[in-house]
Structures are given as structure tokens and as C-alpha cells.
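Chain by chain, the residues:
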Amino acid sequence: MDPTLYKAAVEGNTGDGNDIILVHLTRDEEFGYQVTPKGNTILHVAALHGHSNFVQQVLTNSLPLLRRQNKKNETALHVAANEGHVEVVRVLLNHGEGKEFLMRMTDDDGDTAIHKAVRNQHPDVVKLLVNEEDPEFILQANLAGETPLYLAAESGFQFALLEILKSCTRPSYTGPCGRTALHAAIIHQFTDCASSLLQWNKSVCEDADKWGWNPLHYAVRHNLIELVSEMLDRNRSLAYSQAGSNSDWTTVFHIAVTEGNKKMMEELLKHIPDCWEMLNSKGQNALHVAILNKKNLIVKFILEFPNYHHLINEKDNDGNTSLHLLSTSSLLCPELIDHPRAMKMAFNKENQTPKDATLANSCSRDRDKIECDMLRVGRMGRRDFKIGIQDKKKSKDKVETRDQTQQQEQKTGRESKRMIDKVVKAAQTHLIVATLVVTVTFAAGFTLPGGFDSDPGPNKGMAILTRKAAFKAFIITDAIAFVCSAGAVFSYFAMAANAAFFQELRAVQRLYVIATSLQLLALAAVVLAFVTGIYATLAHSVGLAITVLAIGCISFLIYFYMLFMTFDWKSL
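Let me begin by describing the structure that accompanies this report. (Residues numbered from 1 in each chain as written. Predicted model: local features only at pLDDT ≥ 70, side-chain atom pairs only at ≥ 80, totals over all residues. Heavy atoms only, no water.)

Here's the deal with the packing of aromatic side chains
Here is step 1: The tally for this structure, following the rule as stated, stands at 10 aromatic pairs.
Here is step 2: Grouped by ring-pair contacts, the aromatic residues Phe-253, Trp-276, Phe-301, Phe-305 and Tyr-308 constitute a single cluster.
Here is step 3: The ring of Phe-137 is capped by Arg-104, whose NZ or CZ atom sits 3.8 Å from the centre of that ring. (Phe/Tyr/Trp six-rings, centres within 6.5 Å; stacked < 30°, edge-to-face > 60°. Lys NZ or Arg CZ within 6 Å of the ring centre and 35° of its normal.)

In C-alpha cells, the structure reads:
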């Protein structure tokens, strides 16, 4: 696009550049319109930046640009609606005939201008577009299956939702995955939008999504009590609808139990007193589901109502009572076990009593506690001899596994003690060396090279070689050797104490490494102290002093040579 034309569109400049714009537009009609890399015409650019006067001027001179699309198949109306420029939208709609066709043009995503305005929540643009649309037109869905009404409900944009419901006679409210706008409002917990949809059309709450869940099911799951009450007041039969597929489904009451929502259960019982009798696809009642989902408070809540104690001994499709399910769960509920109505000798389809199921189950986290509770009442089932044999075998295997674990722990303990003894034994030799270094460096500190000044005066008793650099180096390295050796001695003492009382191999090994490192540093400092002390006393004979210095440093070469010969470098 010509830079002058593009800059005028961005700035909305219709003054001095008016003649230039007219010339460009006249030429473009003959040779093709100029566009940006995204395929935007001058009208798209002006609409993007909200310059309504510039848009007016362009359309006056070149009306065909009104329906021109960019590379995403967006018209200038799409762009203006997306940005919320209501005056630009008004100008675009007021030019030429066929504005309804323009409003229904779609981009690559199937979005109309109304989709853009609703998604970006521009209320003024939504109001203008909806009022300009034919009331009889069903606002269509985009390629993702989203209608403008669905988008408004999903984002909680109640203004747009009410505007669409007010202005359109029969708007489509469908969405992706078979869900409706009411599904979306409830899932995202926009209760105001949901109530508005219910007031508009009460039958919308009957539609199920691809998973077989209607809006009431989601409302129960998300604990929207007021909305649940409103839906049941409008359509009580919804409570009996199944949530799920034909082979795997549940009910609203089971959903409330699964969520552990006592207040929701009470609300459902207020509207549907017989919902206690509901069963899911596995033939399980509310007590079964509460136990399976480990909702202890819900189990106790159910047991508080004598009228519903018949649930205790009801069997599911596998013949399991609530006690059978409790025996294989980690839920601890002595109130159910000790309940007088609970049948301890009920058999399921595998000929197991609740106690048999308890002993056959070995994966429960609190199995020992459950076994204790279950075994203190009633007796074993006679039909279960084979299972009893299996249980004995399992018990035997468990004992063997425990014995093997103990043997392994004992073996590990013996190996750890053996390693500690080796480390302590090696440390005893190191301790002798460390003590010797402490003694030598302590003595050297008071037997300084060069002696002391014995002449009367202020320097009497002071070291004679104090001002020499080599002497200062001697004093520093001697002090380092003393401190490091003393630290090594302390580490060896701590190592011996740990080995005697705590027997912690890692702690002993760490102390040994620390002591060894300090001892090596002390030995290096001793060598340097010796060399610098000799150098300070032989300073008058430079040749001899350098010779002694070189000989002293040979110890470092010896150390590195031994390290090289003993270390396995190939393992790196």
C-alpha cells in the first residue's frame, strides 16, 4: 500500500490528503485495490483505528470496498466490531443496500460481526448490530459451533444475552459438544445469565450434551442451589433424567452425594422426596455411592434418617451391600459396621460376606483398622472356604515378605557398621598425624627463626626478622597449619562420638572427608611455613635460600605424582 495512503488511513487524515485519496481510489478501481500484507484495504485500516469520518469519505468515493475481504475473509465491519468502534460500524451499515447480507458475511472461523462484538464484549456495538438484524433470522453458529447467544452466556456477558433475547424472535442457542447457552452459563457459574435463559424458554433446560448431561446435572455438581430450585419448580421431571450414556449413567441425587454436598441433597429431597430410591447404572443407591467416594459425613447423614435404613442392605448389580463396599474401601465408619440393620452375613455374587471381602482385599490404606472393625462382629461365611485358603496363603506370603525385608535390613546394618569401623580405624592414624602437626606448629610459634631482640630498648623481646616479608609469610602459614590441624582433630573426635552412639554411616563419612581435607591443607601450610622460615633466616645468602626453597617445594610434586598414580583416571 502506498505510504501516504496508509498513513492517512491510520491517522484518519481527510484534510490535505483528500485529493490524494480520491486519486488513489479512482486508480485502484481500474487496476486493483492496494492492500497491506494481511490483505487489508484502506477501509480496513481506517476501521481498525476507529476513524469514522475517514471511512465515510472512502465509501463516498468507492462503495465496493464495503464488502472487500482481507486474507482472513474479514470485512471492514468485522474489524470495526472486533475493536468496538460503534461509530465506524454505524457508518458502514448506513452505506448502500444489503446491510443484512453484510452483517451475515463470515470470516475464516465462520464468525459474523456479531460474533466479534459479543466475544470482545462491546455492548454498544452488540446493541446496534442486533437491532439492525432481521428479528426472524436465527443467529447462526460459527465453525466451532458457537452462536452469539452461546458466547454471551459462556462469558457472562448478560447485556448481550438480554439484547439478543429481546430483539431476536427465535435465536439459536446451541454450542460445541451439543451444549446449549444454558449449559455454558451454568458450567461457568453465571447464574444471572442462566436465570435469564430459563425465563426466556424453560424447555432449554431439557437438552443434554454429548455426554448425556443436562443443565440440571451441572447445576447440582457446581452447587448452584437457587438455580436448581428454579429449574425443578419449572420442570420437576428433570430430576429423574439420567446423566451419562446408556451403559454408564448416574442421577442428580448421586451427583450431589458424589460431591459430598449435604445442602444440595436436602434441596433435592425438598422437591423430590422419593429420590432416595434412585439407582445408577450399576444398581447402586446413595449410600453405596457415598462409601465409594469416601464421603463419611454423607454416610452419617443418611444413617440419621430411620426411614432410609433399608439402603444399608440393598445390593448393587454385583450383589454388594454397603458393608461389602465399606470392607474394600479405606473409609472408616464404625457407625455403619455397628448398625443393627447391617447384615453381617449377606453374600454377594462372589459368595463373599463383608468379612470375606475385607480379608481378600490387600490394597486398602487402612486395612488393619478395617479388619479390626469388621472382625469384631459376626462370623465368617461358610461358602467361603476357598477364599479362606487363599487368605492364609496371602498371610503366609506376607510373613515371608516381612522376614525377607528384616533380613535385608539386618544385612544393610551389618555392612554399614563394617564401613564405619573401617573409617574410624583409618581416622585413628590420621589423628596421630594431626596431633603431631598441632604440636609442631604450636612450638614453631614460640621458637621463631632469627630469635628475639635481647638488647635493652622498646624492641626488647620482639622477633628480629619481623619486618621481612618471608618471616611474615612464615607466621601466616604456621597459623593456618595450626588451625587446620586443630579442626581436623575436632572432626575426628566428632566422628568417634557418632560411631559410638549414632552409627550413622553418612555422617561419619562426611566428617572423615572434612577432617582429611583440613589435614591436607595443614600439611601444605607446614611445608610453606618451613620454606618461608628457612628463606627468612638465609636471606643474606640468596643462592642457598633459593635452593632450600626449591627442595621444599618438591613435596608438592611428590603429592601430585602419588595422586596421579593412585587415582583411576579412566573411570572419568
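Past the structure itself, the notes keep going.
Some details on helix H10 (residues 148–155)
Here is step 1: Where burial is concerned, most of H10 is hidden: six out of the eight residues are buried.
Here is step 2: Within H10, the full set of buried residues consists of Pro-148, Leu-149, Tyr-150, Leu-151, Ala-152 and Ala-153.
Here is step 3: Structurally, H10 contributes buried residues whose contacts are with helix H8 (113–119), helix H11 (158–167), helix H12 (181–187) and helix H13 (191–200).
Here is step 4: Downstream of H10 by one or two residues, Gly-156 has phi in the positive range, about 70°. (Buried < 20%, exposed > 50% of the residue type's maximum accessible area, 1.4 Å probe, protein only. Helix = DSSP H or I, 4+ residues; strand = E, 2+ residues; numbered from the N terminus. Contact = heavy atoms within 4.5 Å.)

Things to note about the nonpolar core
Here is step 1: If you look at the biggest cluster of nonpolar residues, it comprises 104 residues, and the most contacted ones within it are Leu-92, Leu-129 and Phe-253.
Here is step 2: For this core, the element with the highest residue contribution is helix H6 (residues 86–93), accounting for six residues.
Here is step 3: Contact partners of Leu-92, with chain neighbours within four places excluded, come to Leu-43, Val-55, Leu-59, Leu-66, Ala-76, Leu-77, Ala-80 and Leu-102. (Core = buried A, V, L, I, M, F, W, Y, C linked by side-chain atoms within 4.5 Å.)

Topic: the packing of H10 against H11
Here is step 1: Where H10 contacts H11, the two axes come as close as 8 Å, and the packing angle between them is 150°. Between H10 and H11, the interaxial angle falls into the category roughly antiparallel. Between H10 and H11 the crossing geometry is left-handed. Seen from H10, the contacting residues are Pro-148, Leu-149, Ala-152 and Ala-153; seen from H11, they are Ala-160, Leu-161, Ile-164 and Leu-165.
Here is step 2: When grouped by side-chain class, the residues that make up the contact of H10 with H11 number eight nonpolar, no polar and no charged. (Axes fitted to C-alpha atoms, helices over the stretch in contact; angles between N-to-C directions. Parallel < 35°, antiparallel > 145°, perpendicular 65-115°, else oblique. Left-handed = near helix turned anticlockwise from the far one by under 90°. Nonpolar A, V, L, I, M, F, W, Y, C, P; charged D, E, K, R; others polar.)

No statement about biological role is implied by the geometric values presented.
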